[in-house]
Amino acid sequence: MTDALKVGIAGLGTVGASLVKIIQSRASELATTCGRPIEITAVTARNRSRDRGFDMSGMAWFDTPEKLAAEADIDVFVELVGGANGAAADSVRTALQRGLHVVTANKALLAASGVELAKIAEEKGALLNFEAAVAGGIPVIKALRESLTGNTISRVYGIMNGTCNYILTKMEKEGLSFAECLKEAQRLGYAEADPAFDIEGNDTAHKLAILTTLAFGTKIAADEIYLEGITNISIDDIHAASDLGYRIKLLGVAQRTESGIEQRVHPTMVPHDSVIAQVDGVTNAVAIESDILGELLMVGPGAGGNATASAVLGDIADIAKSQPGAQRVPVLGTPAAALADYRRAQMRSHEGGYFIRLTVADRAGVFASVATRMAENAISLESIVQRAKPSEADSDKTIILVTHATTEAAIRKAVDAIKQETYLVGEPQVIRIERPKAF
Ligand code: HSE
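Draft legend 1. Spotlight on the nonpolar core. Counting 80 residues, the largest nonpolar core has V140 and L211 as its most contacted members. Residues contacting V140, with those up to four places away along its chain left out, are E131, V134, A135, L211, V286, I288 and M298. With 34 residues, the next largest nonpolar core counts L5, L12, I22 and A309 among its residues.

Draft legend 2. Highlighting the domain arrangement of the protein. Domain parsing of the protein yields domain 1 (5-137 + 305-338), domain 2 (143-301) and domain 3 (354-433). If you average the C-alpha positions of domain 2 and of domain 3, the two centres end up 26 Å apart. The interface is formed by 17 residues belonging to domain 2 together with 13 residues belonging to domain 3. Taken over both partners, the interface formed by domain 2 and domain 3 buries close to 1300 Å², and the fraction arising from carbon and sulfur atoms is 56%.

Draft legend 3. The arrangement of the site of the ligand in detail. As a matter of local geometry, the ligand sits amid K107, N161, G162, T163, Y190, A191, E192, D198, D203, K207, G302 and A303. In this structure, an oxygen atom belonging to the ligand sits 2.7 Å away from a main-chain N or O atom of G162. Relative to its free-state accessible area of 260 Å², the ligand is covered by the protein chains to the extent of 93%.

Draft legend 4. Structural view of the sheet that holds strand β1 (residues 5-10). Strand order in this open sheet of six strands is β3-β2-β1-β4-β5-β6, and the pairing throughout is parallel. The two strands at the open ends of the sheet, each matched to only one other strand, are β3 (60-61) and β6 (128-129). Bridging between strand β5 (residues 101-104) and β6 involves two bridges; their strand directions are parallel. Across the sheet, V102 pairs through a bridge with L128, a residue of β6. In this fold helix α12 (residues 305-321) packs onto β1, β2 (38-44), β4 (76-79), β5 and β6, with an angle of close to 165° to the strand it touches most, β5.

Draft legend 5. Looking closely at unusual backbone geometry. Of note in this structure, A135 is not a glycine but carries a positive phi near 60°. Residue position: A135 is located in the loop between β6 and α6 (140-147). With a phi close to 60°, A378 is a non-glycine residue in the positive phi region. As for its placement among the helices and strands, A378 is situated in the loop between α13 (366-376) and β14 (381-387). On the basis of relative accessible area, A378 is assigned to the exposed category, the value being 67%.

Draft legend 6. Representation of the side chain of Q429. By secondary structure assignment, the location of Q429 is in strand β17 (residues 424-433). For Q429, a relative accessible area of 8% translates into the label buried. Within the structure, Q429 has its side chain in polar contact with the backbone oxygen of N232 (distance 3.1 Å). Looking at Q429, its side chain comes within polar contact range of the side chain of D237, at 2.8 Å. Ignoring anything within four residues of it in the chain, the contact list for Q429 reads N232, I233, D237, F355, I356 and R357.

Draft legend 7. Broad picture of the side chain of D198. Looking at where D198 falls in the secondary structure, it is placed in helix α9 (residues 196-199). Discounting residues that sit within four places of it in the chain, D198 has contacts with N161, T163, C164, A191, E192, D203 and L250.

Draft legend 8. Seen up close, the packing of aromatic side chains. Across all of its chains, the model carries one aromatic pair by this definition. Ring geometry for Y166 against Y190: centres 5.6 Å apart, planes inclined by 70°, an arrangement best described as edge-to-face. Taken together, the positions of Y166 in helix α7 (residues 162-174) and Y190 in the loop between α8 (178-187) and α9 put the pair 24 residues apart, joining distant regions of the chain. For Y166, a relative accessible area of 10% translates into the label buried.

Draft legend 9. Representation of the packing of α7 against α8 within the structure. Where α7 contacts α8, the two axes come as close as 9 Å, and the packing angle between them is 135°. By the angle between their axes, α7 is oblique relative to α8. Handedness of the crossing formed by α7 with α8: right-handed. Note on element contacts: α8 touches α7 through F178, C181, L182, E184 and A185, opposite T163, Y166, I167, K170 and M171. Considering only residue class, the contact of α7 with α8 consists of seven nonpolar, one polar and two charged.

Cut-off values and rules
- Think of each chain on its own: its residues are numbered from 1, step by step along the sequence as written.
- Where totals are concerned, whole chains, interfaces and linings use all residues; where local detail is concerned, this predicted model gives features only for residues with pLDDT of at least 70, and gives and counts side-chain atom pairs only at 80 or more.
- Note: side-chain values were computed over all heavy atoms of the structure, leaving out hydrogens and water.
- Throughout, nonpolar core names a set of buried Ala, Val, Leu, Ile, Met, Phe, Trp, Tyr and Cys residues whose side chains join them through atoms within 4.5 Å.
- Here the term buried applies to any residue with accessible area under 20% of the maximum for its type, exposed to any over 50%, and partly exposed to those in between, with areas from a 1.4 Å probe on protein chains only.
- Contacts are assigned to residue pairs that have any heavy atoms within 4.5 Å of one another.
- How far each domain reaches was decided by an automatic or database domain assignment.
- Two parts placed together each lose some accessible area; with a 1.4 Å probe, that loss summed over both constitutes the buried area.
- We call a residue near a molecule or strand as soon as one heavy atom of that residue lies within 4 Å of the molecule or strand.
- Residues adjacent in sequence count toward polar contacts only when both atoms are side-chain atoms; beyond that, a polar contact is any pair of N or O atoms within 3.5 Å, and within protein one must be able to donate a hydrogen and the other to accept it.
- Every accessible area reported is derived by Shrake-Rupley at a probe size of 1.4 Å, with residue values counting cover from the shown protein chains alone.
- Paired strands, in this sense, are two strands between which DSSP finds at least two bridges.
- The way it works is that DSSP assigns letters per residue, a run of H or I at least four long becomes a helix, a run of E at least two long becomes a strand, and they are numbered from the N terminus.
- Where helices are involved, their axes are fitted lines through C-alpha atoms of the stretch in contact, as for all axes, and angles between N-to-C directions lie from 0 to 180°.
- Centres within 6.5 Å make a pair out of two Phe, Tyr or Trp rings, where for Trp the six-membered ring is used; the pair is then stacked when the planes are under 30 degrees apart, edge-to-face when over 60, and tilted otherwise.
- An angle counts as roughly parallel when it lies under 35 degrees, as roughly antiparallel when it exceeds 145, as roughly perpendicular when it falls between 65 and 115, and as oblique in every other case.
- Left-handed describes a crossing whose near helix is turned anticlockwise from the far helix by less than a right angle; the clockwise case is right-handed.
- Classes in brief: Ala, Val, Leu, Ile, Met, Phe, Trp, Tyr, Cys and Pro nonpolar; Asp, Glu, Lys and Arg charged; the others, Gly included, polar.

Below you can see the structure in the form of structure tokens.
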């Protein structure tokens, strides 16, 4: 059997600890599958003495990720530190410059510096694998990077943040508050170190930016994503959506349009009978629409120790099986030097259906006025309902509209006009509707 693949791991949190335990407990099966043993020979973490439930003897300890990347006798550097800058970025750059292969779960780093890192890896003939960075254990990177080569992709979308999906599901099914659900997601190890990244949509945006590049062959453009998180979603929205045959999910969507590529992350209404509407809890789902294959939908665990470690392990195993000096799959699907410039489609041109929830004073003519503002902007309505809500003052009512396909520009104009009306109470809620093609 060939020499062992020597692996150094930076970061022994939820994912790192799961990874070490899996590699140690399946050593012999992995050696058989990969044709060579996988050995963890170096580690680093914030706290050396913490009991992590595995034996660290035989692993060299380094005080920092940067030192491990620069000095350890390893073939593969596994970065599980997180963060777009600092130790994670510095250590990954150092490892690649040394010609080491790198495996990372760090979506923030890739979203910020993925093209630059891919260039270094490609120049050095090293592999930079990042399956765990998007949708946890779902092998979507491999699908886009390798399996769908030759397909022209028109839309990639999905539920890519386990924490948000967990919160939305628990709010709907158990009637718990947003804060309670978030706390539980943190306890279970799903949330980012700063959970604002989850609930404000940044985490989904980082993942979407990576998928956009793989799907469309354009440079990573994480700063060009339209972004809305879920903090504004109330239990009233969830119930109203349900009454109308929809569920609310935080989706990331990248779509080819005539005016460029649309990238957006926002709470989205999906038809109740679609598969993606049934994806609950920490589970993620990614749909890819392409011309040769049609629609592909992958559903699986999106966060947590084992799910993420499974993807990291798959990346390490790919390196163990690869031949030295062999032609490498381009890191981002297309060689980094050949990625096209990203051309952003304006959000105002976005076309689709919309859900609008208004709280209004209960006066004669309000319903007609709302319908008129829609008509003035050529917005055709699929449904419009008015109902009293026990929690509202007697004089307030809720009007819920669902529109047929229209443009974002028309919706913004209509809503702005309604905001000028004295009958409106509070801020209107506007949620875009997304319709899956096949599932
Ligand atoms: N915080 C992320 C999530 C972890 O909730 O999906 C996986 O990237």
